[in-house]
Every structure is written in C-alpha cells, then in structure tokens.
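Descriptive analysis of the structure
Now for the letters of each chain:
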Amino acid sequence: MKLYYSPGACSLSPHIALHEAGLSADLEKVDLAKKITASGHDYSQINPKGYVPALEMDDGGVLTEGPAIVQYIADRSGNRELAPPAGSPARYRLQEWLGFIASEIHKGFGSLFDSKVPDEAKVSARDRLIKRLAFTDAALAKQPYLLGSHFSVADGYLYTVLRWCEYVKLDLATWPNLLAFSARVAARPAVRAAMLAEGIAKA
Ligand SMILES: N[C@@H](CCC(=O)N[C@@H](CS)C(=O)NCC(=O)O)C(=O)O
C-alpha cells in the first residue's frame, strides 16, 4: 500500500489508521499547490480529484475519500475495534460519525481556510461549525471515544480535524470534552508515530 499525504492535512486520519492497525505502507508526500508528488509524478494522474488522501491498494487500484480509506485499512487489519464488522449496528454508527465529520466538520473548516469564500459566508460557516463541535463535545461527555470505550478510525479522523481549530482561532478549551479527547488521542503511540513521520510532532 502507498498513502499519498500532505503533512497535517486530512490524510493524517488514514495515516493514523495505518499505525493503529499495525499495517506498513509506503508514504508519498504531495505538493498540493503544484499537484506533484515527492518523487516527481503528476498527482492528478494518480488521483484526478487532485486532493489527498489517496491510497494505492495492494492490487494497484487507487482508493480515494478519507472515510472509505480508513474503513479499508481497518478491514484489512481485521482489528474490529478500529471498525466494527461490516453489517453490524456498530458499523453503521461508525459510518454515521465518519459522514458527520466529513461533511459537517471537515468541510466546515474547509470554508474557513478558503480565501475565496466571502467574509459573510465565513461567519455563517463558523457558526455552523461551532454547533457541530458543541454536538460532538456533548457526545464525548459520557465516553472517551466516539463509539464508546475503544478507539476507532472515526476518532483518528476527528482528532485530525480538531487540530485545525488553532488555525482558525477556535479555542478548543471552549469544549472541555473535545479538549480532553484531543489530549487522549494525541498521547496514543500510534498517533504520535504518524505525526512524527509527517514531521508535525516534536521527537
Ligand atoms: N472528500 C475528500 C476531501 C479531501 C480534502 O479536503 N483534502 C484536502 C486536504 S485536507 C486537499 O487535499 N485539498 C487540496 C485541494 O483540494 O486541492 C475526502 O474526504 O477525502
């Protein structure tokens, strides 16, 4: 497998999943502005969508979309805590969280990062994002991880997007459960290893 990534971007989520799953994969950094990979390949030939993450699977096919990639990694590892068995009620809960993080939180940050989005639209995107973060904070009031007592690939994804709060001047301390969650996930050896590999954590 090979993961195409950009340091600290949403590709950190499948990178964490790989480490949590104990699966080895090659890593290739992508220059998102130039759409060129570190080895000099045209990234739009690898993923015509032009964004990270993309995962080259063992059969040579390229899988895109973070929520699909993390489920593929979890299923490959057979670790049923990372992703409950396909078809089980818990698997649908995982997909519910992955969909929520992708469309409501990840893309909420996306609008705030986009210099072409007008200020007025940014205000409403920010208000919406704050509501989504408050909802997630409440869900984590009674359990350490999104699915309950165990870390799943949804937690790696949530952690990845929460790291962006500081770039848009959202104080994570506003949501004590999210703050505690972030610290809990950051302390996991697999998460640290992924961040060290991306050069976004101190050794
Ligand atoms: N729908 C995609 C979105 C991925 C995405 O937003 N990637 C960002 C980084 S977090 C990116 O590569 N942006 C550069 C671009 O779109 O050109 C997914 O969930 O995987």
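1. What to know about the sheet that holds strand S3 (residues 36–37)
Taken together, five strands build an open sheet; the order of strands is S3-S2-S1-S4-S5 and the sheet is mixed. A strand with exactly one partner marks an edge of an open sheet, and here the two such strands are S3 and strand S5 (62–64). Pairing geometry for strand S1 (residues 2–5) and strand S4 (residues 54–56), over three bridges, is antiparallel. Bridge pairing in S4 places Leu3 opposite Leu55. Taken strand by strand, helix H3 (residues 66–77) contacts S4 and S5, and its axis lies near 125 degrees from that of S5.

2. Quick notes on the domain arrangement of the protein
The assigned domain composition of the protein is domain 1 (2–81 + 190–198) and domain 2 (89–188). Opposite the 19 residues of domain 1 that make contact, domain 2 presents 19 residues. Summed over both partners, the interface of domain 1 with domain 2 comes to about 1,600 Å²; 61% of that surface belongs to carbon and sulfur atoms. Three residues stand out in domain 1 for area buried against domain 2, namely Cys10, Gln71 and Glu81, and they jointly supply 31% of the buried area on that side. Between domain 1 and domain 2 we count two salt bridges in total. Ionic pairing is found between Arg188 and Glu20, a salt bridge with its closest N-O pair at 2.7 Å. The interface formed by domain 1 and domain 2 contains ten residue pairs in polar contact (both at pLDDT 80 or more).

3. Observations regarding the layout of surface pockets
A water-sized probe, rolled over the atoms, reveals where empty space remains. By volume, the largest pocket is sized at about 550 Å³. Lining the largest pocket are 24 residues, and of these Cys10, Val52, His106, Lys107 and Trp164 lie nearest its centre. Looking at the lining of the largest pocket, the elements that each hand over two or more residues are H3 and helix H4 (89–113). For the lining of the largest pocket, the element with the most residues is H4, which contributes six residues.

4. Quick word on the pattern of salt bridges
Tallied over the entire structure, the rule returns nine salt bridges. The partner of Lys34 in a salt bridge is Asp31, with the nearest N and O atoms 4.0 Å apart. With relative accessibility at 30%, the residue Asp31 sits in the partly exposed group. Residue Asp75 pairs with Arg80 through a salt bridge whose shortest N-O separation is 2.7 Å. With a relative accessible area of 35%, Arg80 lands in the partly exposed category. One network of salt bridges, in which partners are shared, links Asp75, Arg80 and Arg91.

Scoring rules and cut-offs
Residues numbered from 1 in each chain as written. Predicted model: local features only at pLDDT ≥ 70, side-chain atom pairs only at ≥ 80, totals over all residues. Heavy atoms only, no water. Pairing = 2+ DSSP bridges. Helix = DSSP H or I, 4+ residues; strand = E, 2+ residues; numbered from the N terminus. Contact = heavy atoms within 4.5 Å. Axes fitted to C-alpha atoms, helices over the stretch in contact; angles between N-to-C directions. Domains from an automatic or database assignment. Buried area = accessible area lost by both parts, 1.4 Å probe. Salt bridge = Lys/Arg side-chain N within 4 Å of Asp/Glu carboxyl O. Polar contact = N/O pair within 3.5 Å; in protein donor to acceptor, adjacent residues only side chain to side chain. 1 Å grid on protein atoms, 1.4 Å probe; cavity = no way out; pocket = protein on both sides within 12 Å on 5 of 7 lines; lining within 4 Å. Points joined across faces, edges and corners; volume = space filled by probe spheres on them. Buried < 20%, exposed > 50% of the residue type's maximum accessible area, 1.4 Å probe, protein only.

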